[in-house]
Amino acid sequence: MNFSRNVFLCEHKNQRRVIKRIPCGGLNGKFYEYVMSELKILRFCNHPRIIKFHDFVLSNQYFNFIMEHATNGSLRDFISNYQRNRWKLSENDLIIMFLDIAFGIKYLHTHNIIHRDLKPENVLLVDDFRCKICKKLFEVIKAFYINSSHVLQLILAFPRLLRTRRKQIIKL
């Protein structure tokens with residue numbers, strides 16, 4: 001699902017925020033439950049390297065997620081400008097950006113949360129050009145342990161990948 005057309009800049013509690021709006025008309029119960037589980041994860045996450053969730057408003061037509069505004073765009077935008085303008089970055093700047101992303105991912109993984117769509121478009125830059133991971137709605141899932149050996153099983157998986165893996169295991 002691509003919800004990028006439904007992202008708006010707004011003022012919320014005297015601060016610039018972003019509203020991610022998702023249509024809710026004609027939803028079945030499972031989709032509503034899924035949205036509510038995503039909301040629970042967004043409310044839980046609180047880390048300086050992750051875009052902050054501020055509020056949730058349910059209207060007759062939309063789920064509205066109010067999030068922190070990243071003033072300097074995405075890492076993808078930064079990389080494009082970097083290449084086009086032939087900017088120079090110090091090794092130290094690159095290390096800081098890398099560590100920002102690594103600390104954000106470490107936080108998510110520590111809490112058994114997996115970001116399924118980590119790419120430059122989902123890493124945003126704030127005022128001081130520090131990186132923050134954007135929790136793209138419907139691409140973050142909660143993981144859980146299935147036994148004491150801590151084998152990680154995902155709630156969602158790609159069926160084609162599972163079928164391929166099963167065939168490979170059977171052939172062995």
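See above for the structure.
The model shown is predicted, which means the values in this text are computed figures rather than measured ones. (Residues numbered from 1 in each chain as written. Predicted model: local features only at pLDDT ≥ 70, side-chain atom pairs only at ≥ 80, totals over all residues. Heavy atoms only, no water.)

A few words now on the overall build of the protein. Each helix and strand in the protein was counted, giving four helices and nine strands. When the helices and strands of the protein are read in sequence order from the N terminus, they spell out β-β-α-β-β-α-α-β-β-β-β-β-α. Across the 172 residues of the protein, 34% fall into the buried class. Intrachain contacts of the protein at a sequence separation of at least 6 include 63% that bridge at least 24 residues. (Helix = DSSP H or I, 4+ residues; strand = E, 2+ residues; numbered from the N terminus. Buried < 20%, exposed > 50% of the residue type's maximum accessible area, 1.4 Å probe, protein only. Contact = heavy atoms within 4.5 Å.)

This brings us to the pattern of salt bridges. Following the criterion strictly, the structure yields five salt bridges and no others. Among the ionic pairs, D100 bridges to R49, the shortest N-O distance being 3.6 Å. Of this pair, D100 sits in helix α3 (residues 91-110) while R49 sits in the loop between α1 (29-44) and β3 (53-58), placing them 51 residues apart in sequence. For the pair shown, D100 and R49 are each scored as buried. Via salt bridges that share partners, R49, D100 and R130 belong to a single interconnected network. (Salt bridge = Lys/Arg side-chain N within 4 Å of Asp/Glu carboxyl O.)

To continue, consider the pairing of β3. For β3 and strand β4 (residues 62-68), the ladder comprises five bridges, and the chain directions are antiparallel. For F53, the partnering residue across the bridge sits in β4 and is M67. The antiparallel hairpin formed by β3 and β4 contains three residues in its connecting segment. (Pairing = 2+ DSSP bridges.)

Turning to the packing of aromatic side chains, a few remarks are in order. The tally for this structure, following the rule as stated, stands at four aromatic pairs. A ring pair is formed by Y32 and F63, whose centres lie 6.1 Å apart and whose planes are at 40 degrees; its orientation type is tilted. Pair noted here: Y32 is in helix α1 and F63 is in strand β4, with a separation of 31 residues, a long-range link. Residue class for Y32 comes out partly exposed when judged on its relative accessible area of 38%. Overall, the relative accessible area of 1% leaves F63 in the buried class. Positioned over the ring face of Y62 is R21, at 4.5 Å from the centre of the ring. (Phe/Tyr/Trp six-rings, centres within 6.5 Å; stacked < 30°, edge-to-face > 60°. Lys NZ or Arg CZ within 6 Å of the ring centre and 35° of its normal.)

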